[in-house]
Amino acid sequence: MDNFLALLEGFSVAMQPMYLLYALGGVLVGTAVGVLPGIGPAMTVALLMPITYSLDPTAAIIVFAGIYYGGMYGGSTTSILLNTPGESASIVTALEGNKMAKAGRGAAALATAAIGSFIAGTVATVLLSFVAPFVAEFAVQIGPTEYVALMIVAFLTVGALLGASVLRGLASLALGLFIALIGVDALTAQQRYTFGNPFLADGIDVVLVAVALFAVGEALYVASRLRHGPVKVIPVAGRWTSWMRKEDWKRSWKPWLRGTFIGFPVGTIPAGGADVATFLSYASERKLAKGERKKQFGKGAIEGVAGPESANNAAAAGVLVPLLTLGIPTTATAAMMLVAFQRYNIQPGPLLFEVEGALVWALIASLYVGNLMLLVLNLPLVGIWVKILQIPRPYLYSGILVFAAMGAFSVNFTPVDVFVLLVVGVLGFFMRRYGYPIAPMVVGLILGPIFEDQLRRSLAISQGDPVALVSTPIAATIYVILIVIFVLSFWLKKRQQAMESEVVEEAPLAVADRKEG
Amino acid sequence: MSAVVLGYVPNALGDAAAKAAVDEAHRRGASLVVVNTTRADRLVDPAYADDDDMSRLQETLQGTGVDFTVHHGTSRDTAAEDVLDAAERNSAELIVIGLRHRTPVGKLIMGSTAQSILLGARCNVLAVKA
Amino acid sequence: MSSSINGAPGGSGTAAPARPLGEMIFAGMIVCIGVVGFVAGAGIPIPPSAGVVGPRVFPFLVSGIMVAIGIGLLIQLLRGHTGAAEEGEDIDPSVKTDWLTVGKLVGFLAIHIALIVPLGWPVAAAVLFFGSAWSLGAKPWWRNAIIAVVLALILQFVFAGLLGVSLPPGFLLEGVEIFNG
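Since the structure is predicted, the reported quantities are computational estimates derived from the model, not experimental observations.

**Q** Looking at this model, I keep getting lost on the interface of chain A and chain C. Mind explaining?
**A** It is common to report an interface's size as the accessible area lost on association of the parts. Contacts between the two partners involve 76 residues from chain A and, on the opposite side, 82 residues from chain C. Buried area between chain A and chain C, summed over both chains or domains, comes out near 6900 Å², and the portion from carbon and sulfur atoms is 74%. Its largest share of buried area at the contact with chain C, chain A owes to Arg225(A), Tyr395(A) and Tyr434(A), together 11% of the area lost on that side. In this structure, the connection of chain A to chain C is made through one salt bridge. One salt bridge in this structure joins Arg168(A) and Glu23(C), with 2.9 Å as the shortest N-O distance. Elements with a contribution of two residues or more to the side of chain A that touches chain C: α8 (166-181), β2 (191-192), α10 (206-224), α19 (393-412), α20 (415-433) and α21 (439-461) of chain A.

**Q** Sorry, what's going on with a nonpolar patch on the surface here?
**A** All names here are of chain A. On the surface, a nonpolar cluster with roughly 450 Å² of combined accessible area is contributed by Phe4, Leu5, Leu8, Val126 and Phe130. Those elements that provide at least two residues to the nonpolar patch are α1 (2-14) and α6 (106-140). A total of three residues in the nonpolar patch trace back to one element, the largest contributor, which is α1. Inspection of the secondary structure assignment puts Phe4 in helix α1.

**Q** Quick question: what am I supposed to make of a positive patch on the surface here?
**A** A cluster of basic side chains, namely Lys246(A), Lys250(A), Lys254(A), Lys290(A) and Arg293(A), defines a positive patch on the protein surface. In terms of residue count, helix α11 (residues 246-268) of chain A provides more of the positive patch than any other element does, three residues in total.

**Q** Would you mind going over the nonpolar core with me for this structure?
**A** General note: in soluble globular proteins, nonpolar side chains tend to be found buried as a group. Residues Phe64(A), Phe214(A), Met336(A), Leu421(A), Met431(A), Tyr436(A) and Trp121(C) are the most contacted members of the largest nonpolar core, which totals 198 residues. With 16 residues, α10(A) is the largest single contributor of residues to this core. Formed jointly, this core draws a minimum of three residues from each of two domains, domain 1 (20-45 + 54-78) and domain 2 (99-179) of chain C. Excluding its chain neighbours within four sequence positions, the residues that come into contact with Trp121(C) are Val402(A), Met406(A), Phe409(A), His112(C), Ile116(C), Ala152(C), Leu155(C), Gln156(C), Leu167(C) and Pro168(C).

**Q** Looking at this model, I keep getting lost on the pattern of salt bridges. Mind explaining?
**A** In the structure shown here, the tally under the stated rule is 20 salt bridges over all chains. In this structure, Glu24(B) and Arg28(B) form a salt bridge, with 2.9 Å as the shortest nitrogen-oxygen distance. Of this pair, Glu24(B) and Arg28(B) are both found in helix α1 (residues 12-28), four residues apart, which corresponds to roughly one turn of the helix. Relative accessible area serves as the criterion here: at 15%, Glu24(B) is assigned to the buried category. The partner of Asp77(B) in a salt bridge is Lys139(C), with the nearest N and O atoms 3.1 Å apart. Of this pair, Asp77(B) sits in the loop between β3 (68-74) and α3 (79-89) while Lys139(C) is found in the loop between α4 (121-135) and α5 (141-162), placing the two residues in two different chains. Exposure remark for Asp77(B): the relative accessible area of 21% places this residue in the partly exposed category. According to the relative accessible area criterion, Lys139(C) is partly exposed, its value standing at 31%.

**Q** So what exactly am I meant to see when it comes to the UniProt feature "transmembrane region" (unreviewed entry) in chain C here?
**A** All names here are of chain C. When the UniProt feature table is mapped onto this chain, "transmembrane region" (unreviewed entry) is found at residues 24-46, 58-78, 105-133 and 145-167. Regarding residues 24-46, the helix share stands at 83% and the strand share at 0%, and the terminal C-alpha atoms are separated by 36 Å. In this annotation, residues 58-78 is assigned 100% helix and 0% strand; the end-to-end C-alpha distance for the span is 30 Å.

**Q** Help me out: how do you make sense of the pairing of strand β2 (residues 31-38) of chain B in this one?
**A** Across a regular strand the side chains alternate sides, sitting on one face of the sheet and then on the other. Residues and elements named next belong to chain B. Along β2, eight of the eight residues are buried, which leaves the element largely enclosed by surrounding structure. Residues of β2 alternate between two faces, with Ser31, Val33, Val35 and Thr37 on one and Leu32, Val34, Asn36 and Thr38 on the opposite face, all of them buried. The pairing of strand β1 (residues 3-7) with β2 spans five bridges and is classified as parallel. Within the sheet, the bridge partner assigned to Gly7 lies in β2 and is Val35. Between β1 and its parallel partner β2, the chain crosses via α1, and the hand of that crossover is right-handed. Two strands pair when backbone bridges link them, and β2 and β3 are joined in this way by seven bridges, in the parallel orientation. Bridge pairing links Val35 to His71 in β3. Handedness of the crossover is the feature at issue here: the chain leaves β2, passes through helix α2 (residues 51-64), returns alongside β3, and the resulting connection is right-handed.

**Q** So what exactly am I meant to see when it comes to the packing of α3(B) against helix α5 (residues 113-120) of chain B here?
**A** Two quantities define a packed helix pair, namely the angle between the axes and the distance from one axis to the other. Residue and element names in this part refer to chain B. Closest axis-to-axis distance for the α3/α5 pair is 8 Å, and the angle between their directions is 35°. At the point where α3 passes α5, the crossing takes the right-handed sense. Packed against α3, whose contacting residues are Ala79, Ala80, Val83 and Leu84, the element α5 presents Thr113, Ser116, Ile117 and Gly120 at the interface. Among the residues making up the contact of α3 with α5, the classes are represented as five nonpolar, three polar and no charged.

**Q** Would you mind going over the packing of helix α4 (residues 57-81) of chain A against helix α15 (residues 332-343) of chain A with me for this structure?
**A** Residues and elements named next belong to chain A. Their axes nearest at 10 Å, the elements α4 and α15 cross at an angle of 175°. By the angle between their directions, the pair α4 and α15 is classed as roughly antiparallel. For the pair formed by α4 and α15, the contact residues are Ile61, Phe64, Ala65 and Tyr68 on the first element and Thr333, Met337, Ala340 and Phe341 on the second. Partitioning the contact of α4 with α15 into residue classes produces seven nonpolar, one polar and no charged.

**Q** I would appreciate a short explanation of the confidence of the model for chain C in the present structure.
**A** A low pLDDT score tells you not to read the predicted coordinates there in detail. Residue and element names in this part refer to chain C. Averaged over all residues, the pLDDT of chain C equals 83, while 88% of them reach at least 70. Across chain C, α4 holds the top mean pLDDT of 96, while helix α6 (residues 170-173) sits lowest at 81. Per-residue pLDDT stays below 50 along residues 1-17; that stretch engages in 34 contacts with residues further than four places along the chain or on separate chains.

Conventions adopted
- Residues numbered from 1 in each chain as written.
- Chains lettered and ligands numbered in written order.
- Predicted model: local features only at pLDDT ≥ 70, side-chain atom pairs only at ≥ 80, totals over all residues.
- Heavy atoms only, no water.
- Contact = heavy atoms within 4.5 Å.
- Buried area = accessible area lost by both parts, 1.4 Å probe.
- Salt bridge = Lys/Arg side-chain N within 4 Å of Asp/Glu carboxyl O.
- Helix = DSSP H or I, 4+ residues; strand = E, 2+ residues; numbered from the N terminus.
- Patch = residues over 30% accessible without salt bridge, like charges linked within 9 Å, V, L, I, M, F, W, Y side chains within 5 Å.
- Areas by Shrake-Rupley, 256 points an atom, 1.4 Å probe, with all protein chains shown as cover.
- Lys, Arg positive; Asp, Glu negative; His and termini not counted.
- Charge placed at Lys NZ, Arg CZ, Asp CG, Glu CD.
- Core = buried A, V, L, I, M, F, W, Y, C linked by side-chain atoms within 4.5 Å.
- Buried < 20%, exposed > 50% of the residue type's maximum accessible area, 1.4 Å probe, protein only.
- Domains from an automatic or database assignment.
- UniProt positions renumbered as here; feature names shortened; annotations may be inferred.
- Pairing = 2+ DSSP bridges.
- Right-handed = clockwise from strand over helix to strand, strands pointing away.
- Axes fitted to C-alpha atoms, helices over the stretch in contact; angles between N-to-C directions.
- Left-handed = near helix turned anticlockwise from the far one by under 90°.
- Nonpolar A, V, L, I, M, F, W, Y, C, P; charged D, E, K, R; others polar.
- Parallel < 35°, antiparallel > 145°, perpendicular 65-115°, else oblique.
- pLDDT = per-residue confidence, 0-100.

Structure (structure tokens):
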């Protein structure tokens, strides 16, 4: 009951006109970057980090949360109308959604995606409201040893499971951990890896590295292989008067709910984020479909849009559970939101609900509000979102570079930081070129100092005996779960590959199209 | 034989321009050069006709009995430059384009293909209003 | 009937060649960073106040992981397992790497860095946008210039004027109040 009151309190904050405006701005920007190729929510939050200098924490967090949710909505629009998934979590949507659009059912696909996203987002936010405080209460009791275990889980799942190559993911993670070491050791005040350089003594700012990797690395990489192919023209969807037929509602509501309850838990555990959730939902919808409908899969089955899109948004809410209660980000965007908290000297973790209760509940309330805004905005405004795809790529990427340079300069107001931006950006370029994922590096960079602190504390307690790290019951359980997650995810990857090749056989066009996109 | 160059856009305005261009070609006994190119520098270019649009246009043109050629595809140059280039190469006596109403601000930001053609052409330009 | 004009750079460009050399260098660099990490890590002074686990332990751990992973990657590469370059909507995996454009962008970022202090942020930003747009092939040049100037002024106005981020306006805009925080 306490939590319910706190949530109401949160609404009273989030509904203030000023904060409503911030939420609106956030979801608008979020949808736009979700639609735009080349920019994702993580990069956007990184690029907009300068706003933390002048906005109050609640306003900034509401803006970033809006971008986070909005990005999820925007991704579905492009995957349905253009068959170019705006982000990885929308790939499955492209499979069925684009087929529907080609068959003149684009409006229904967009509608089921938007309504499903809204329902899933709302239900998942309700779950978040009740699960998060419970987890936080539990988390208050755990000690440094358990923390070390949890962070190892986060490191290994983000590093080893998310990318295509396990070693490259871990290499990226290690690079992040290494950069985090540069500067002054918090416990002993000794300089590490500064090579006598006063600039390095302050450490390399997280925002600087994130902006460099996400924005500059991406711009350089795109520039190296700019697409000049023939332009795909959108199969324009019909009028909004006939969004969904009665039958579409009938076929959609179950996948919406199933997607929600698949997506939320998958988002909560660091097992691969929203992509895994969408895939699981797609696979189960395909399995549950009967008769005629089963045959429609691969040719534009509405269930194949409704389920994964819901799972996608539910997972996005799920990701906030470990972020808010444990301070552990499991996706790149969550990592950037953690940085935003840190800018205000707020450390997400078990105590967040106690210390910064008002802020957290305002954030959660703003998620409800943002979801509603996204539903209202997305359907009628789909034409505008498609219009922004007409921005010529040279302007888009030049703009990204200018924003990145501004973000870098405003870290300490010295051009040296922009130089660091350039150097790390070039590193990001080569990482993309050689298939090293970016997200593990950012997560390593952010969690590295916290991890070291907890590791040293727990080893200090045990007098340096490393066995103590696995000997407490909770820590041991966490490691067992880690092993289970690994086994499961390798099995899932196999299944995913098997299913993808199956889809290739049944509908060769579907995957060929996807590769083009 | 003289030539009329048509800067085609796949919408109602473009079709109106095409109709006017056919009339002009008939009247002048000229051949028609249809130009539709894109720089392919964006994900969606509404001014670029896809293959379906082009074959529809060609069907229409074949029905009129005008002798025509088509320049269609991606190009390094802007659409305006391609139209002017085609006019130059074919020593065209007329360029036909569609011209829609635009606010001054919109024109400032987006620039205008039509404006570049009007200013850069060495022959007459027929601007068709839909 | 559909003819590409002016030698359009279609999607049928030559496939990117296998590039194990670059990848080997990158993996080798990871090993090197690990080795440097060990050497420099050994030089971190341990104050007597440090507990059981001093400031060197974690650097050694990370350096060790880097060396191990780097060697693992080198072995993979020697066996012919190259990395899959990242895919993206604006990425054409079939074309050769356009080093010239990458070099131009890096160059304009360098010019931008050099201009911030002497000429102020808006000028430096406009130069960066104009140069990048030109490098990436935007046309016509005058439109690039207009957008560059307008964008730089808007950003200066919003972030310095409204949000109070201290971007130096430069001597040109020194006296203009709306561009100063």
